[in-house]
Amino acid sequence: MEHQSAIAYGNLYRRGYLGDRIPKDMNFDYIILHESGHEYFGNSVSASDLADMWIHESFTTYMEALYVECQMSYSASLRYLEYQRPYIRNEEPIIGVRGMNWYKRVKTSDQYYKGSWILHTLRSIVDNDERWKAYLKGLYDAFEMKIIISEDVLEFTQNYFKEIDLGPFFRQYLYRPEIPIVQYKMSETQDGVKLQYQLISQEPGLKIPVKVRVGDQTIKIIVENKPQSILLESEKSSDVQILKNLYLIDFVIQP
Ligand SMILES: [Zn+2]
């Protein structure tokens, strides 16, 4: 564990976490990576209450994927994130209630893995890697050696990405346990493949840009809380692929 001046290490110098928890072709000590990450988000940028623990754990867990991206490739980091995904529970909101030892009272580890996926989803929405990386650095610099709460992070983020209304995104992903669902259906017509889609979310204003690969091109559709459709220039629905691994969303085929 990362506590300054009281570090404990129990991973026996094994790969991953005691030999497991990371993709088979990756070979690093998860504990050293994760706990070193806490020197940034945790020991330098610190949350004042356990209800805001995601400031430590979500950013540090997401930084593991960035490490894999830096050392290997972006596609390797997507595989790493897929390893985190089964641990997401969606039972409690990420941001808890202050003043009640929140983090110790709930059973979830969503502050870690779900938080990591929320940041990954936000990156897909921002869809500009240079800005995304500058944002992470800017966020750290803004709060280096400070004690903060979630609202500080959210305000900084909204000010950074002014062109996107992040209110519904924050409310859906950080203050509610449920994740949104995209219902979709593809049908082949004479004029192309018709893709029908609709976002089912608890936050009515939530809009998520979703990337769809059509043949060798990638297009972006904005999925909202109402029935929508688009005609794609493709003959076969098998040539159309929704890039699901960029988002923390349940994609469900419409009945
Ligand atoms: Zn941690």
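(A) Summary view of the coordination of the zinc ion. Distances from the zinc ion to its protein donors, namely H34 (NE2), H38 (NE2), E57 (OE) and E57 (OE), fall within the range 2.0 to 2.7 Å. Coordination geometry of the zinc ion: the four donor atoms subtend angles of 53 to 153° at the metal centre, consistent with an arrangement described as irregular. Along the chain, the residues donating to the zinc ion are arranged with the sequence spacing H-x3-H-x18-E. Of the two residues, H38 is situated in the loop between α1 (30–37) and β1 (45–47) and E57 in helix α2 (residues 54–71); the sequence distance between them amounts to 19 residues. Here H38 matches E57 in class, with each residue buried.

(B) Focus on helix α6 (residues 129–143). In this model α6 runs 21 Å from its N-terminal to its C-terminal C-alpha over 15 residues, within 8% of the 21 Å that 1.5 Å per residue would give. Along α6, the positions that sit buried rather than exposed are W132, Y135, L136, G138, L139, Y140 and F143. Along its buried surface, α6 packs onto β1, α2, α5 (113–126), β2 (146–148) and α7 (150–160). Following α6 by one or two positions, M145 adopts a phi angle in the positive range, close to 60°.

(C) Main features of the packing of aromatic side chains. On inspection of all chains with the given rule, the structure shows 21 aromatic pairs. An angle of 70° between the planes, with centres 6.2 Å apart, marks the rings of Y17 and Y30 as edge-to-face. Residue Y17 is located in the segment before α1, and its partner Y30 is located in helix α1; the two are separated by 13 residues in the primary sequence. In this structure an aromatic cluster arises from ring pairing among Y62, W132, Y135, F143, F156, Y160 and F161. The ring of W117 carries R85 above its face, with NZ or CZ at 4.4 Å from the centroid.

(D) How the structure looks around the sheet that holds strand β8 (residues 240–242). The antiparallel open sheet is built from three strands, whose spatial order is β6-β5-β8. In this open sheet, the two strands that pair with only one neighbour each are β6 (217–223) and β8. Taking each pair of neighbouring strands and ignoring which way they run, the sheet shows an average axis angle of 30°.

Conventions we followed
- Residues numbered from 1 in each chain as written.
- Predicted model: local features only at pLDDT ≥ 70, side-chain atom pairs only at ≥ 80, totals over all residues.
- Heavy atoms only, no water.
- Donors = N, O, S within 2.8 Å, 3.2 Å for Na, K, Ca; no water.
- Tetrahedral: all angles 85-135°; square planar, octahedral: opposite > 155°, others 65-115°.
- Helix = DSSP H or I, 4+ residues; strand = E, 2+ residues; numbered from the N terminus.
- Buried < 20%, exposed > 50% of the residue type's maximum accessible area, 1.4 Å probe, protein only.
- Expected span 1.5 Å × (residues − 1).
- Contact = heavy atoms within 4.5 Å.
- Phe/Tyr/Trp six-rings, centres within 6.5 Å; stacked < 30°, edge-to-face > 60°.
- Lys NZ or Arg CZ within 6 Å of the ring centre and 35° of its normal.
- Pairing = 2+ DSSP bridges.
- Axes fitted to C-alpha atoms, helices over the stretch in contact; angles between N-to-C directions.

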